[in-house]
Every structure is written in structure tokens, then in C-alpha cells.
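Chain by chain, the residues:
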Amino acid sequence: MDVNAAVAAVAAIAGACTGVIAMLAFRWSERDQARPTRSSLHTEAGLPPGVDTVLSVLRSSAVVLDESDSVVKASSAAYALGLVRGGKLAVDPMLHMARDTRRDGEIRQVELDLPRRGTGRGEALAVSARVAPLGSRLVLLLVEDLTEARRIEAVRRDFVANVSHELKTPTGALSLLSEAVIHASDDPEAVTRFAGRMQIEATRLTNLVQELIDLSRVQNDDPLEDAEPVRVEELVAEAIDRSRHAASTKQITMAAGGAADLRVWGNRGQLAAALGNLVENAVNYSPARTRVGIAARRVAAPGGDLIEIAVTDQGIGISEKDRERVFERFYRVDPARSRATGGTGLGLAIVKHVAASHGGEVTMWSSEGQGSTFTLRLPETGAGRDRTPTATGPDEDAQRRFHHDVNDLDQSTEIPAPEVLP
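Small disclaimer: the values here were computed from a predicted structure and weren't measured. (Residues numbered from 1 in each chain as written. Predicted model: local features only at pLDDT ≥ 70, side-chain atom pairs only at ≥ 80, totals over all residues. Heavy atoms only, no water.)

Participant: Mind showing me how you'd approach the layout of surface pockets here?
Facilitator: Empty space left among the atoms is revealed by rolling a probe the size of a water molecule over them. Roughly 680 Å³ of volume is contained in the second largest pocket. In this structure, the second largest pocket is lined by 22 residues; those nearest its centre are Val155, Phe327, Glu328, Arg329 and Lys352. If one sorts the elements of the lining of the second largest pocket by residue count, helix α6 (residues 147-183) sits on top with 7 residues. Along the lines of polarity and charge, the residues of the lining of the second largest pocket split into 10 nonpolar, 4 polar and 8 charged. (1 Å grid on protein atoms, 1.4 Å probe; cavity = no way out; pocket = protein on both sides within 12 Å on 5 of 7 lines; lining within 4 Å. Points joined across faces, edges and corners; volume = space filled by probe spheres on them. Helix = DSSP H or I, 4+ residues; strand = E, 2+ residues; numbered from the N terminus. Nonpolar A, V, L, I, M, F, W, Y, C, P; charged D, E, K, R; others polar.)

Right, dumping it as C-alpha cells:
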């Protein structure tokens, strides 16, 4: 009995010790879980209540700095812009602003141009930075990307300047010519000559105003609201008919091929205007007694088949320095020739907007001395009513081959220009 009692006493003591150890371990675990980590000290505990939620919904890039200039909180946009690296604010002017604001509590704002990360070019990122105190020891930095806004403002400013210049030229000419007619009232031959010049300038002014209206329309209207299947053959025939008189005057032969049974989805009026501009440019910038070709074909693409409509000329070509700018508004490779032909520099800009709004694109291949090819790439009917614009066009070799293919259209497909009327 004494042995059994001893064993029972030992078991009781062991059980009590086990319980005490378990209780101590549980308390230790609770205290360890309640102890704040380094990251939580810099986020939840460091930020005033609700600030973290507010910063997460702001459109601006947000960075919160503590008294040692360490980043307490930074939005994903701030990392994307390269403002924060290695837990520190990487832009020195902003860091100096934050220190000044921490010292005197004043709100500061400045606009800066920052280098883009990952680009070897001198492209700048325009930002607006605003620094304000956040509590007693934190500083809040809000950064807004102004790059796109500045680009749009520059485009608008250039557009207004160019429009003013282009309108001033014909209106000034009309004013001078009208004065000349008044002073030459007793000379019928001079009056006739000046009146003819006035008609030319009036036509130029009318064309400029109309193209400005067309450009505004293709930028603001959604062409797919009134979209319909459009036969490419009809677009080509209409474009050729539009430039037939100008081609006949210069004895330029126009040839078309490959457009049968092809259809694109879009606004017929805008597509006809875009293709008509390409054909008109090809005729205007081609030497006399040459050839302009218009060809269409179907090409496979990941988002659905595309229809390519290429317009090729045998002109002098476009230099490499001008190729990236030919689609800019009012940009003209040869301003003197544009004035002679009545060009406004808006035709290719209209083509570019029409192609983009239809989920396609316009590409260009050119070689000095060999001519140029402009290619409209548009979704085929049923292939992409909701198609996004294509990311990349055909490579240069493919465009060069297409250029020669269009120039080598079979003679049976030619649509000769009519004879010049006497």
C-alpha cells in the first residue's frame, strides 16, 4: 500500500507540473503574438486610423515617411514610378521637401521632370509632388503623373498654332487679291487672272475647313455605332473615281486588284474618306506618267482575319527622318508641293484616326527612289466588331514585298484614267 501511495503521489506531482508548464507556454505564446513586428510598427501601428484605407483608393502615388525618412507606407503606383527603392524615397528633391515639411509643418508642392526607368533615351516623366504633415511625426507625399496631360496640352497648343497659320495664309491671299482686283478694275485681263487666283485660295480654304471638320468628327464619333459590312471593291472604286481627274491630268494610270469578295466592318463614309485620302496623296505626290496601284488581300491574325488595303505609288519616296512624322497633323514632307497641290497636312492624320477607331491601323513602307506604300489594316466583317487595335503591323520585308506585288498588278486589272479633255 505504501508503494502504491508513493506512485500516486509522484503521478499527481508530475501532472501538476505538466499543467503549470502548459499554462506558462500558453501565456508566452499569447504575449509573443501580441508583440508588434517591425512591419506592423511601420504600417498599422504607425499610421493614424483609416489612413491606410484612404491611401489605397487614391489615384495619385502615395508615400508615407517617418522621422528617419524610412518609408512607412507606399502605394503600388509609387513603386511603378520608381519613387521608392530599398525602403527609401529615391527622388532627392522630394526627400528634401519632406524634411522641410517635417521641420516647419508647411504644405509644399512642386512639378518635376523625372527620368523614366528602364529607358536609355532622354524621355522625362512629368510629375506634380505635394508634401503635407501627417500627424506629429509622419509626412505624406502625393505624386501625380502629368506626362499625358502635358502631351495633350502640347498637341492642343501646336494644333491651334498650326490652324491659325493655315487659315491665315489663304485668308491673307484673298484679302490681297481682292485689293488687286479693285485697283485693276480697268484691266479685264488682270481682273480675270486675279479672280482665278481667288478661286484657288477659296477652294484651299474650303478644303482646310472641311478637313478640320472631318478630323473633329472621326475623333469624337464612335464609327461602330452605325457600322455595317462594307465591300472593299466599292471603297476602292470610289477612291479611284475621286482622284480620276487629277490622275488624268498627270497621265497617271491607276490599277486595282484583289478586292473582290472582301468586306470590312465599319462606317462606310469614314472608310471611304480614309482610303480616298491615301489614293489622292499617291496621285498628288507621283510624277507624271507613272502608276498608282490599289490592292487588297486577307491576312490571318490572332484576333481574327484582317483585310489589308495597300495604296502604292512610284514617287520619290519618303526619307527616313520624315517617316515617323507623316501621320502628325499639318506635317508635310514637302511643304512647297503641298501648297501647289492644295494639301492641308491633315489627310494622313484622318486616316490614322479612322483606322484606330475601327480596331485597325495604318502602316507605311517607303524607299527613296522606289516610292511608297500605305496599308490600311482593318478587321474583316464578323472577325472583330469589338476588336482592339492591333499591336504590331507587318514587318518591313513583308511591306516591301507587298509594295512590289501591287506595282506588278496584272495589266488586265488596270483602270485607265480617261483622256484629258481639250
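Participant: It is not clear to me how the pattern of salt bridges should be interpreted in this structure. Could you clarify?
Facilitator: Pairing between side chains becomes possible if they bear opposite charge and their charged atoms approach one another. Within the structure shown, the criterion is met by 21 salt bridges. Here Asp104 ties to Arg108 by a salt bridge, and the two come within 2.6 Å at their closest N and O atoms. In this structure Asp104 comes out as partly exposed when scored by relative accessible area, which is 36%. A salt bridge links Arg242 to Glu280, with the nearest nitrogen and oxygen atoms 2.9 Å apart. (Salt bridge = Lys/Arg side-chain N within 4 Å of Asp/Glu carboxyl O. Buried < 20%, exposed > 50% of the residue type's maximum accessible area, 1.4 Å probe, protein only.)

Participant: What's the story with the sheet that holds strand β7 (residues 138-145) in this structure? I'm lost.
Facilitator: Strand pairing in a sheet is mediated by backbone hydrogen bonds. Such pairs are either parallel or antiparallel. The strand order β2-β1-β7-β6-β5 describes an open sheet built from 5 strands, whose pairing is antiparallel. Strands at the two margins of the open sheet, each flanked by one partner only, are β2 (71-74) and β5 (108-115). Averaged over all pairs of adjacent strands, the angle between their axes in this sheet comes to 25°, without regard to strand direction. Judged from the 3 bridges that link them, strand β1 (residues 61-65) and β2 form a sheet pairing that is antiparallel. (Pairing = 2+ DSSP bridges. Axes fitted to C-alpha atoms, helices over the stretch in contact; angles between N-to-C directions.)

Participant: Looking at this model, I keep getting lost on the nonpolar core. Mind explaining?
Facilitator: Nonpolar side chains in soluble globular proteins tend to end up buried together. Formed by 48 residues in total, the largest nonpolar core has its most connected members in Val232 and Leu376. In terms of residues, this core owes the most to one element, helix α10 (residues 268-284), which gives 8 residues. Membership of the second largest hydrophobic core comes to 22 residues, among which are Val63, Ala98, Val139 and Val143. (Core = buried A, V, L, I, M, F, W, Y, C linked by side-chain atoms within 4.5 Å.)

Participant: Mind showing me how you'd approach the environment of Ala246 here?
Facilitator: Along the chain, Ala246 falls in helix α9 (residues 244-249). In this structure, the C-alpha to C-alpha distance between Ala246 and Asn284, residues 38 residues apart in sequence, is 7.6 Å.

Participant: I would appreciate a short explanation of the packing of aromatic side chains in the present structure.
Facilitator: For any pair of aromatic rings, the description consists of the separation of the ring centres together with the inter-plane angle of the planes. All chains considered together, the criterion is met by 1 aromatic pair. An angle of 80° between the planes, with centres 6.1 Å apart, marks the rings of Phe327 and Phe374 as edge-to-face. Of this pair, Phe327 sits in the loop between α11 (320-323) and α12 (335-341) while Phe374 sits in strand β14 (residues 371-379), placing them 47 residues apart in sequence. The class of Phe374 is buried, set by a relative accessible area of 10%. Over the ring of Phe194 we find Arg193, and its NZ or CZ is 5.1 Å from the ring centre. (Phe/Tyr/Trp six-rings, centres within 6.5 Å; stacked < 30°, edge-to-face > 60°. Lys NZ or Arg CZ within 6 Å of the ring centre and 35° of its normal.)

Participant: I keep staring at the side chain of Arg377 and nothing clicks. Help me out?
Facilitator: Among the secondary structure elements, Arg377 is positioned in strand β14. Assessed through its relative accessible area of 8%, Arg377 is described here as buried. Of note is the side chain of Arg377, whose polar atom sits 2.9 Å from the side chain of Glu308. (Polar contact = N/O pair within 3.5 Å; in protein donor to acceptor, adjacent residues only side chain to side chain.)

Participant: Sorry if this is basic, but what is going on with unusual backbone geometry here?
Facilitator: Excluding glycine, residues mostly carry a negative phi; peptide bonds, for their part, are mostly trans. Positive phi, close to 65°, is recorded for Asp69, a residue that is not glycine. Mapped onto the fold, Asp69 is located in the loop between β1 and β2. The phi dihedral of Asp261 is positive, around 65°, even though this residue is not glycine. You can see Asp261 is positioned in the loop between β9 (253-257) and β10 (263-266).

Participant: Looking at this model, I keep getting lost on helix α5 (residues 92-104). Mind explaining?
Facilitator: Turn by turn, an α-helix covers 3.6 residues, leaving residues three or four places apart pointing in a common direction. Across its 13 residues, α5 extends 19 Å between first and last C-alpha, which sits within 8% of the 18 Å expected from 1.5 Å per residue. Within the span of α5, buried status applies to Met94, Leu95, Met97, Ala98 and Thr101. Along α5, the residues classed as buried sweep out an arc of 160° about the axis, all on the same side. Residues of α5 that are buried sit in contact with β1, β4 (88-89), β5, β6 (124-134) and β7. The positive-phi residue at the C-terminal boundary of α5 is Gly105, with phi of around 75°. (Expected span 1.5 Å × (residues − 1). Arc of directions from axis to C-beta. Contact = heavy atoms within 4.5 Å.)

Participant: Would you take a moment to explain the packing of α10 against helix α13 (residues 347-357) for this structure?
Facilitator: When two helices pack together, their arrangement is given by the angle between their axes and by how far apart the axes lie. Here α10 crosses α13 at 140°, and the two axes come no closer than 9 Å. As α10 runs across α13, the sense of the crossing is left-handed. Where α10 approaches α13, its residues Gln270, Leu271, Ala274, Asn277, Leu278 and Asn281 are matched on the opposing element by Gly347, Leu348, Ile350, Val351, Val354 and Ser357. Along the lines of polarity and charge, the residues of the contact of α10 with α13 split into 7 nonpolar, 5 polar and no charged. (Left-handed = near helix turned anticlockwise from the far one by under 90°.)

Participant: Mind showing me how you'd approach the confidence of the model for the chain here?
Facilitator: Fine structural detail should not be taken from predicted coordinates in areas where pLDDT scores are low. Taken over all residues, the pLDDT of the chain has a mean of 77, while the share at 70 or more is 73%. Long-range and interchain partners of residues 32-45, a stretch whose pLDDT sits below 50, account for 7 contacts in this model, where long-range means more than four residues apart. Segment residues 410-422 is flagged for pLDDT under 50; beyond a separation of four residues in sequence, or across chains, it makes 23 contacts in the model. (pLDDT = per-residue confidence, 0-100.)

Participant: Is there a simple way to explain the packing of helix α8 (residues 232-242) against α10 in this structure?
Facilitator: Interhelical geometry of α8 versus α10 gives an angle of 50° and a closest axis separation of 8 Å. When the interaxial angle is binned, α8 and α10 end up oblique. In this structure, the crossing between α8 and α10 has a hand that is right-handed. Residues Glu234, Leu235, Val236, Glu238, Ala239 and Arg242 of α8 pack against Arg268, Leu271, Ala272, Ala273, Leu275, Gly276, Asn277, Val279 and Glu280 of α10. Residues of the contact of α8 with α10, tallied by class, amount to 8 nonpolar, 2 polar and 5 charged. (Parallel < 35°, antiparallel > 145°, perpendicular 65-115°, else oblique.)

Participant: Could you clarify how one ought to interpret the environment of Thr375 in this entry?
Facilitator: Tracing the sequence through the fold places Thr375 in strand β14. Residue classification places Thr375 among the buried residues on the basis of a relative accessible area of 3%. Between the C-alpha atom of Thr375 and that of Thr312, which follows or precedes it by 63 residues, the distance is 8.6 Å.

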